[in-house]
Amino acid sequence: MAESKDTTALFKKFVSLLETIYGHFNASRNSFESTSNSKIARDLCYSDSQFSRLINNTASEGEFKRAVHNVERLRVERKIEAGAQEKTGATVRSRYPYIIGLAFIVLGLILGFVIENLINKPAQENTESAISRYDMLKWSFENKYIQPYVKLRELPEDCNYPCYKYQGKWKLKKEYKIPFFRERNGFHWVAKDATMYARCMDERNEGGQLFEGYEYQLHEIWYDKREFPIDSFLVANSQNRVRDSYNNANLANDKNFVKVASVHTFFRNEFTIDSSLVYRSGKVIGRDIEFLKDDAYGDLGLTQKFIQEVKDEINLIANNRLEDFSKPIACQPAEVPDVDFNLIEQGDELQFKCQFTTGRFLVDYEKSFVLDDQYINNYCR
């Protein structure tokens, strides 16, 4: 890769920032005096190959920009750790404003990095970046110094703060499928997995009725070689509801279907608690597509011309930023897991009935979240 003036400057900044953490950089060996490159890669949530491109100055300008943000995030994290160690003998109350202030600075850096990493990315071959993006979101909520949740001791005296029991990690209960509309029939959208971190929005609502969820979603795009139209997968005489047999099918076991891509999405939810109901709104913040490598198609009998045609169609999806799917979600409210919010516990569910906009079609789907790791499991008294 030919070096540009911009990448050279970014490389120097990247190395300079790393030197503030790991000591002197040996340019002849492309290494630091106190820590191995593999350890630094782990600290930055990179694979060895990704970090190698950066430290050998062969990465792209975009990669360097994201890496600089990543190192700045790590520097703030180390400052938090150092500050916590220096104040070991201090009370929790005396440390609280300092740690929380830095916590939200870091959360902003992390979410900014995640969004920049996801938004407007073109479709690409299979990479290792998706794992690091999810790890960044996980780190911002599971780091022991940065937990942006409302704590039990911060609740009002009467404990009337419904969102406190909704805080924590939620998981997608069950995958769902949606046939979606393109210039040609045959494309199917499969929701495989989702992890959402939910926190009370105490900065916007003093009564505890609002909480937000930062969600990483993993979807797959499958192609039906028969190119059956969308209504083939809908309940007869229904314009919107997919058949149970289709939703429960394992496409990997059907020779007519070929997985062509994975889709990584960063989504921000807002939830409003109103007595017995929870209302959900939200929108895609960033999304990118990664193709399977050609050799993953194996012995399916597909010609290179056919594979390229499918890729071209998906590239059109990527180029218009999946505009059909980026509209705000349309969901009916879910019933609360328990009318007494103090009794909500790990394993409880929120079940939303929603509609997916795809071209001229509105397709019904059901998305259920399960509370997988509740932040406050004690009863407020």
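It should be emphasised that the depicted structure is a prediction, and the values quoted were computed from it without experimental measurement.

Analysis parameters
Residues numbered from 1 in each chain as written. Predicted model: local features only at pLDDT ≥ 70, side-chain atom pairs only at ≥ 80, totals over all residues. Heavy atoms only, no water. Helix = DSSP H or I, 4+ residues; strand = E, 2+ residues; numbered from the N terminus. Buried < 20%, exposed > 50% of the residue type's maximum accessible area, 1.4 Å probe, protein only. Contact = heavy atoms within 4.5 Å. Areas by Shrake-Rupley, 256 points an atom, 1.4 Å probe, with all protein chains shown as cover. Core = buried A, V, L, I, M, F, W, Y, C linked by side-chain atoms within 4.5 Å. Polar contact = N/O pair within 3.5 Å; in protein donor to acceptor, adjacent residues only side chain to side chain. Pairing = 2+ DSSP bridges. Disulfide = S-S within 2.5 Å. Phe/Tyr/Trp six-rings, centres within 6.5 Å; stacked < 30°, edge-to-face > 60°. pLDDT = per-residue confidence, 0-100.

The next subject is the overall build of the chain. Scanning the chain from terminus to terminus reveals eight helices and 13 strands. When each of the 381 residues of the chain is scored for burial, the buried share is 49%. The contacts in the chain between residues at least 6 apart in sequence include a share of 72% that link residues at least 24 apart. As displayed, the chain has an accessible area near 18,600 Å², and 48% of this comes from carbon and sulfur atoms.

Core analysis: the biggest nonpolar cluster contains 62 residues, and Y166, F211, I221, V278, I314 and F352 have the highest contact counts within it. When sequence neighbours within four positions are dropped, the list of residues in contact with I221 reads F180, F187, H188, W189, V258, K259, V260, A261, V263 and I314. With 22 residues, the next largest nonpolar core counts F14, L18, I40 and V68 among its residues.

As a further point, take the side chain of N205. Mapped onto the elements of the fold, N205 is located in the loop between strand 6 (187-200) and strand 7 (210-224). Judged by relative accessible area, N205 falls into the buried class, the value being 17%.

Glancing now at the environment of E215. Along the chain, E215 falls in strand 7. Taking the C-alpha atoms as reference points, E215 and I285, 70 residues apart in sequence, are found 10.0 Å from one another. If we skip the residues at most four places from it in the chain, E215 touches L137, A194, T195, M196, T265, F266, F267, N269, R280, K367 and F369. A polar side-chain atom of E215 sits 2.5 Å from a polar atom in the side chain of K367.

A word on the pairing of strand 6. Side-chain direction in a regular strand flips from residue to residue, so the side chains alternate between the two faces of the sheet. Extensive coverage of strand 6 is indicated by the burial of 12 of its 14 residues. In this structure, strand 4 (residues 168-172) lies alongside strand 6, joined through four bridges in antiparallel fashion. Paired with G168 across the two strands is A198, which belongs to strand 6. Strand direction decides the pairing type here: strand 5 (residues 176-179) and strand 6, joined by four bridges, are antiparallel. What sits directly across from K177, in strand 6, is V190. With 13 bridges connecting them, strand 6 and strand 7 associate as antiparallel partners. Looking at strand 7, one finds that Y197 is bridged to Y214.

Considering all chains together, one arrives at three disulfides under this definition. Through a disulfide, C159 is tied to C380; the S-S separation comes to 2.0 Å. Taking the sign of the torsion about the S-S bond as the criterion, the disulfide between C159 and C380, at about -75 degrees, is left-handed. With C159 in the loop between helix 6 (129-142) and strand 4 and C380 in the segment after strand 13 (361-374), this pair connects stretches of sequence that are 221 residues apart. For C380, a relative accessible area of 8% corresponds to the buried category.

Tallied over the entire structure, the rule returns 24 aromatic pairs. A centroid spacing of 6.4 Å and a plane angle of 15 degrees characterise the contact between Y166 and W170, whose relative ring orientation is stacked. There is no split in this pair, since Y166 and W170 are both buried. Taken together, a centroid distance of 6.4 Å and an interplanar angle of 75 degrees make the contact between F352 and F369 edge-to-face. Taken together, the residues F352 in strand 12 (residues 349-358) and F369 in strand 13 connect sequence positions 17 residues apart. For F369, a relative accessible area of 1% translates into the label buried.

Along the chain, N342 falls in the loop between strand 11 (334-335) and strand 12. Within the structure, N342 has its side chain in polar contact with the side chain of Y164 (distance 2.7 Å). Once residues lying within four places of it in the same chain are set aside, the contact partners of N342 are C159, Y164, K165, Y379 and C380.

Interpretation of this model should avoid reading the predicted coordinates in detail wherever pLDDT is low. For the chain, per-residue confidence averages 79 on the pLDDT scale, and 77% of positions sit at 70 or higher. Between residues 87-102, whose pLDDT stays under 50, and residues either more than four places distant or in other chains, the model counts 13 contacts. Note on residues 118-130: pLDDT is under 50 here. Beyond four places in sequence and across chains, it has 43 contacts.

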